[in-house]
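Here is how the chains run, residue by residue.
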Amino acid sequence: MPLLEVKDLKVRVEEREILHGLTLTVNEGEVHAIMGPNGSGKSTLSHVIAGKPGYEVTDGQILFRGEDLLEMSPDERAAKGVFLAFQYPVEIPGVATMTFLRTALNAQRKARGESEYSTPDFLKKVREVSKSLNIPQDMLKRGVNVGFSGGEKKRNEVLQMALFEPSLCILDEMDSGLDIDALRIAADGVNALRSPKRAMVVITHYQRLLNYIVPDVVHVMSKGRVVKSGGKDLALELEASGYAQFEDAA
Amino acid sequence: MNVALAKTGSGRAVSDLFASAEGLLPGSPAIKAARRQAFETYERLGLPHRRIEEWKYTDLRALVGEVLPLAASPDAGALSKAADAVKAHAIAGARKLVLVDGVFAADLSDVKAIAAEASVKTLRETLEKDAGDILTTSSTDAVISLNAALATDGVVLEIADGAQLSAPIQIIHVATAASASAYSRSRVRIGKGARATFIESFVAAGAKAYQVNDAVIVEIGDNADVAHIRLMDDAPDAVNITSQFVTVGADTKLNFFNMTTGGAVSRLQGFIKLAGEGSELSINGVNLLKKTEHGDLTLVVDHAVPNCTSREIFRAVIDDRAHSVFQGRIIVRPDAQKTDGKMMTRALLLSDEAEADNKPELEIFADDVSCGHGATAGALDDTLLFYLRARGLPEKDAQALLIQAFVGEAIEQIADDDLREHVVGMAERWLERRS
Ligand SMILES: Nc1ncnc2c1ncn2[C@@H]1O[C@H](COP(=O)(O)OP(=O)(O)OP(=O)(O)O)[C@@H](O)[C@H]1O
Ligand SMILES: [Mg+2]
């Protein structure tokens, strides 16, 4: 059974259809890249998978290990193993990052019927992960993403991903706003999480990221549909010739 | 017309009450006369209602209707119930002074430890020695007159010049009597150069549908450093009306924090006078209201002299059909140049039917001042809620985290660690009761 099946998905926002029948199948262990021009609906797709309110699904299905994802609340989806690294992570003043991480991790474990982490185990785990991502400990004492640079926010998303160990990771433009070193560190963090049990959907505009996180499949999205899928060479092709050839197809 | 209403309405019940209570109330003949006069003022005015400007948003005639009979003096059963409540609400490291149904309970209090660093007496003994001025105020407010008429007991604390209290003092008001009212009045005097933290807690020991009418007089000398924390966690069907009269000397720091987590109807009205130059007043108020609760914080900050700073930050979290009121008046007297007075209200509305009223007033008679006020009201941020839920937090938990952050900014102002933890715990329990 595929991990994620998006079937002929149609989505409206404020009376306007954004996704016009999108189909995507992701199996365990695979890394998929989604590329496509601005406004083609990449973030919309990721939001609908994560369960963000405000989107109306008018047709189609999203199955996660065969279960209807659209019937689940966002927190249920997270507990099942769906993780979205946001294109624009929000700042939450007054909620210390550590408190947030622990509350979220334990909420997911509780929903799965697992025991809560003890404080020492939790701290040990956070320390390990943050060290590998080059995130200083005192950053974790601040409010969630408060005063973080763009790159730090993105690294904080990868930190959460490593901590929650989801089975589906959707990375929405993880590379935007990262300098070359930060990109490599974040990509190493993501690669470390690659496993035969885990799948990744990497949304990006740039082939460069895919040099670090090498995809099994590349999809081209245009105007609310997947218009072409291929191997990793498709990304190189896009880099050379742009999206114009696909606009017509869509 | 108002007068007739007062007499035929709520006035009558008190009239009987006063006649039956008079014999039990402490005080010399002169004080008895003062009480009678205060009571007559009350009877003439009746309970405040919306046509009285100061009570526009808190119409006690509509919300409370009737004044309940005076609670009996606590018996052994009441004291033992109160002892349990005191244990549950005592703040780690603080020394306690306990009032049960408005009556001082020496056995539940740490009088000895406190007496080593301060003078502590009861209102009862103070009045018996004829310190009648403790019952007088210049106010013409009916609830304050009622308090003067019926104040049964309270604590009278004197912290000497230069004293540095080694532990906070916690005055705990415990209600054990159902469907009765308790009238207390306390005075806290803090001398020059003294440093003190005092806390007032209002709690219930199983009592329901009771009424509290408390008055507190706080007099702070020059160069003092004072933290005053008030935590009102009365029963959900109780009424708590408290009036505070605060005078601050020169070069003094006063941090006042109030949190309301209980009571069907409550009002804290504070009259704070900055009477000496160079002082800094910081006030943080938090209302956590649900169901049909009504919580009112009314503050009058009077800058009587130049060069003082006042900061008022008020945060309300309002759920269901609850109603939160903030009225803040800043008065700057003609001499009070270089006054810096600001107030800010933020209301978090958790339901469509939640209501927040905000009435700031600036009365400025000096020309070289910096004063202002601001207000925001709104729901929880959907984007933040979604972020938290996408990380696995169920809706109520995600809301709770954001609400804690919202009130946390105010609670952070409490310097004492144990005390701050205690207040955080109260807010957390309120959030748990929500879900
Ligand atoms: N809340 C919304 N209200 C109205 N229109 C929206 C909303 N969200 C998205 N859209 C529209 O949907 C379309 C797709 O947006 P989306 O953010 O999914 O694109 P994207 O492929 O992620 O673009 P980018 O590469 O710039 O991130 C855009 O035209 C956008 O304006
Ligand atoms: Mg996008």
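Before reading further, recall that the structure is shown in the block above.
To keep things clear, this report deals only with the structure shown in the data block. (Residues numbered from 1 in each chain as written. Chains lettered and ligands numbered in written order. Predicted model: local features only at pLDDT ≥ 70, side-chain atom pairs only at ≥ 80, totals over all residues. Heavy atoms only, no water.)

Counting from both sides, the interface comprises 15 residues of chain B and, opposite them, 30 residues of chain A. In total, about 1800 Å² of surface goes out of reach between chain B and chain A, with carbon and sulfur atoms giving 74% of it. Considering only the surface of chain B that becomes buried against chain A, Phe386(B), Tyr387(B) and Arg391(B) emerge as the three largest contributors, covering 45% of it. Linking chain B with chain A are two salt bridges. When residues of the side of chain B that touches chain A are traced back to their parent elements, those giving at least two are α8 (382-390) and α9 (395-411) of chain B. At seven residues, the largest contribution of residues to the side of chain B that touches chain A is made by α8(B). When its residues are assigned to classes, the side of chain B that touches chain A shows ten nonpolar, two polar and three charged. (Contact = heavy atoms within 4.5 Å. Buried area = accessible area lost by both parts, 1.4 Å probe. Salt bridge = Lys/Arg side-chain N within 4 Å of Asp/Glu carboxyl O. Helix = DSSP H or I, 4+ residues; strand = E, 2+ residues; numbered from the N terminus. Nonpolar A, V, L, I, M, F, W, Y, C, P; charged D, E, K, R; others polar.)

This part takes up the pattern of salt bridges. Scanning the entire structure with this criterion turns up 36 salt bridges over all chains. As a salt-bridge pair, Asp181(A) and Arg184(A) come within 3.6 Å of each other at their nearest N and O atoms. Remark: Arg184(A) and Asp181(A) occur in helix α6 (residues 180-192); sequence separation between them is three residues, near one turn of the helix. Taking the shortest distance from any N to any O, the salt bridge between Glu22(B) and Arg36(B) comes out at 2.7 Å.

Take the nonpolar core next. Counting 115 residues, the largest nonpolar core has Ile49(A), Phe257(B) and Met259(B) as its most contacted members. Of all the elements, α9(B) adds the most residues to this core, at ten residues. Not counting residues up to four positions away in its chain, the partners in contact with Phe257(B) are His228(B), Ile229(B), Arg230(B), Leu231(B), Asn284(B), Val286(B), Ala410(B), Ile411(B), Ile414(B) and Val423(B). Judged by nonpolar contacts, the second largest core, of 50 residues, contains Leu157(B), Leu281(B), Ala316(B) and Phe326(B). (Core = buried A, V, L, I, M, F, W, Y, C linked by side-chain atoms within 4.5 Å. Buried < 20%, exposed > 50% of the residue type's maximum accessible area, 1.4 Å probe, protein only.)

Protein-derived ligands of the magnesium ion (ligand 2) are Ser43(A) (OG) and Gln87(A) (OE1), with the metal-ligand distances lying across 2.0 to 2.3 Å. A residue pair is termed long-range when its members are at least 10 positions apart, and Ser43(A) in helix α1 (residues 42-50) and Gln87(A) in the loop between β6 (82-85) and β7 (92-96) qualify at 44 residues. (Donors = N, O, S within 2.8 Å, 3.2 Å for Na, K, Ca; no water.)

Residues and elements named next belong to chain B. Strand order in this open sheet of nine strands is β3-β4-β6-β8-β10-β12-β14-β16-β18, and the pairing throughout is mixed. The outermost strands of the open sheet, each flanked by one partner alone, are β3 (119-122) and β18 (355-364). For this sheet the average axis-to-axis angle between neighbouring strands, irrespective of direction, equals 10°. Pairing of strand β12 (residues 265-274) with strand β14 (residues 294-303), which is carried by ten bridges, proceeds in the parallel orientation. The partner of Gln-269 across the bridge, within β14, is Thr-298. This element, helix α7 (residues 142-150), spans β6 (181-190), β8 (211-220), β10 (239-248) and β12 of the sheet and lies at about 90° to β6. (Pairing = 2+ DSSP bridges. Axes fitted to C-alpha atoms, helices over the stretch in contact; angles between N-to-C directions.)

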